Every structure is written in C-alpha cells, then in structure tokens.
Amino acid sequence: MSQVERKAIILDYMEAGYYLDPHRWHREKPVAQAIGESRFTLLDGIPLQPVEPLEEVAVTKEVLETVEEPLDPVGRHTRKVSIPMACISTGDSKRVCLPTAKVEQRLLDLLKVMAGDELEIVNSPAEFSRTLTNMGLPPKAIAAPRTPLTYESLTEIAKRNLREAVKFIIKANERVFIEFFNKAEPINIRLHSIELLRGVGKKTLMAILDARTKKPFESFDEIRKLIKDDPVEVLTDKVLEELEGRSKYNLFVMPSASGVPFLDYLSVLEGARKEGRK
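A quick note: this is a predicted structure, and the numbers were derived from the prediction, not measured. (Residues numbered from 1 in each chain as written. Predicted model: local features only at pLDDT ≥ 70, side-chain atom pairs only at ≥ 80, totals over all residues. Heavy atoms only, no water.)

Participant: Explain the overall build of the protein here, please?
Facilitator: Helix and strand content of the protein: nine helices and eight strands. For the protein, the C-alpha atoms occupy an extent of roughly 80 × 40 × 35 Å along the three principal directions. Restricting to contacts in the protein with at least 6 residues of sequence separation, those with at least 24 account for 59%. The positive charge centre, built from 42 side chains, and the negative charge centre, built from 43, are 4 Å apart in the protein. (Helix = DSSP H or I, 4+ residues; strand = E, 2+ residues; numbered from the N terminus. Contact = heavy atoms within 4.5 Å. Lys, Arg positive; Asp, Glu negative; His and termini not counted. Charge placed at Lys NZ, Arg CZ, Asp CG, Glu CD.)

Here it is in structure tokens:
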C-alpha cells in the first residue's frame, strides 16, 4: 500500500490511540486515519507530528527493523531487538528512517552497521521533514502499515470528513479525472463506464461521446455543461459509493470484497497524473 500512496489526506487524529483500530499496536499511541491521494486507499498510521483533519501528509512505511544485540564481549550470546521505524525510499536504493519510539543509540549504531550505506537514520521529526520536503512531499508524515483499512474500520469523524477529502483529491487531480471522460470505454454492449456516474443516462452519454470525438475535454466546466451537474460532486459520489462497498462496478477504488469487477481507471490514467505534476 505505502509503496503506491505517497501522500494522503488526514480523516481523523486520535492522540490517545483508537481502541477499535485493526492494528492492535495503534490502540495505545497516537494514530491517524487517512485516505491516499493516488489510489483512494484508506489507511491508518502513526503521525510523526501532531496532525489535523483534512491536512495533507506524506505516507511512509511503518517497519520493524531487527538487530542482533551482543550480550557478551565476544558476541557468543545475542538477543533480537525490534526497532519500530518510519522509512521512506529516496529513489536511489537508499532508505531514510526515523525511530518511532525511544531507542538506545547503541542499537541504532548497530543497525546502521548491519544495513550499510543503503540506510540513513535520522534522529528527529525535523530532520525527517527536511528529507520529505526535498522529495517534494508534505513535511508532516504518518508511518503506515502495508495492510489498508476498510470503510467499516473508520471512525465516525473519519467518515464525516471523507467527502471533503475525496473532493480535495479530485480537484487536485483535475487533469486525471478529465481524462476519464475522454478515455472511458464500454463495459459491455449495454453499459458504458461513464453511465456508472450519477445522473448520466443514454442521452447524456451520447452527448459526451459525441463532444469528445470532436475535441477532447480540457476542463470540468466543459463537462458540467453536458451533465448539468458539478463533475467534482458526481465523481465524489462515485468514489464514496466504491469506498463504502455499494458499487456493482468499481472504476477507481480497489474493491474490498471479491466478485466486484475493478476497471482501475486510475492506473489507466497514470500518464495524465504525471503530466499534471509538471
């Protein structure tokens, strides 16, 4: 999960932990719930600094690094010690990691010797933030496990903030979702992908297909004229339907239940996302 999601929007922050969190080690420490900006992945994670709902953060990997600590001068007896860390790959075969709990320096030094040049350990959230900023990511971060959340695992506050977070993501990636209207294809001979959107019937579908053959859409305003509604709100309704498990076909969100066809348009439109970053 965290290999795909690099940024997320905070849905809820619980300074004392969340007793219903599916990851039991999050139940007695600060934890945040969030939604990823690349794939709408629902996730939880340990905030490296205090965060606020609807704040944008970087997503780093929550890992346990294990070291063999010598118990005698010659190293005949050792014990395994697990060090919880937040790590991010810098793209040059190197990881930058920050301990997420108090760890003795000698254990960090031992870990660095074991890992070699591929690992850089920083000692404070401020140092870690500088790394994130240099990578073009938000300075605040959460350390998230690989296992995503389900909609049912969200707090009530997170559910209430979900619509605004999804709208923010769609607006920030307008080029991607405009390209959905330009490139969406039929699902079968009776149903087109665009018809899965609220308020789009056969007449509106034909108007969209006719318009895009003449000239590809370049803005939400052009689409609004045809669907007679705000495309951001219509797309948000569809994403929420998929996140909540109410959709017969998922266009954008990986289904949590088996048997739901997944068309994965966010992967299809990845080129438009990269173009939008330029």
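Participant: What is the right way to read the side chain of Glu-5 from this model?
Facilitator: Among the secondary structure elements, Glu-5 is positioned in the segment before strand E1 (7–14). For the buried Glu-5, no salt bridge exists, and the shortest N-O distance to an oppositely charged side chain is 6.5 Å, to Arg-39. In terms of polar contacts, Glu-5 uses its side chain to reach the backbone amide nitrogen of Glu-37, at 3.1 Å. A polar side-chain atom of Glu-5 sits 2.8 Å from a polar atom in the side chain of Thr-41. (Buried < 20%, exposed > 50% of the residue type's maximum accessible area, 1.4 Å probe, protein only. Salt bridge = Lys/Arg side-chain N within 4 Å of Asp/Glu carboxyl O. Polar contact = N/O pair within 3.5 Å; in protein donor to acceptor, adjacent residues only side chain to side chain.)

Participant: Even after reading the chapter, I still don't get the state of the cysteines, so can you show me in this structure?
Facilitator: Joining two cysteines, a disulfide is a covalent bond between their sulfur atoms. Following the criterion strictly, the structure yields one disulfide and no others. The residue that forms a disulfide with Cys-87 is Cys-97, at a sulfur-sulfur distance of 2.0 Å. Between Cys-87 and Cys-97 the disulfide shows an S-S torsion of about 115°. By sign, it is right-handed. Of this pair, Cys-87 sits in strand E5 (residues 78–89) while Cys-97 is found in strand E6 (residues 95–99), placing the two residues ten residues apart along the sequence. Take Cys-97: its relative accessible area is 0%, and that puts it in the buried class. (Disulfide = S-S within 2.5 Å.)

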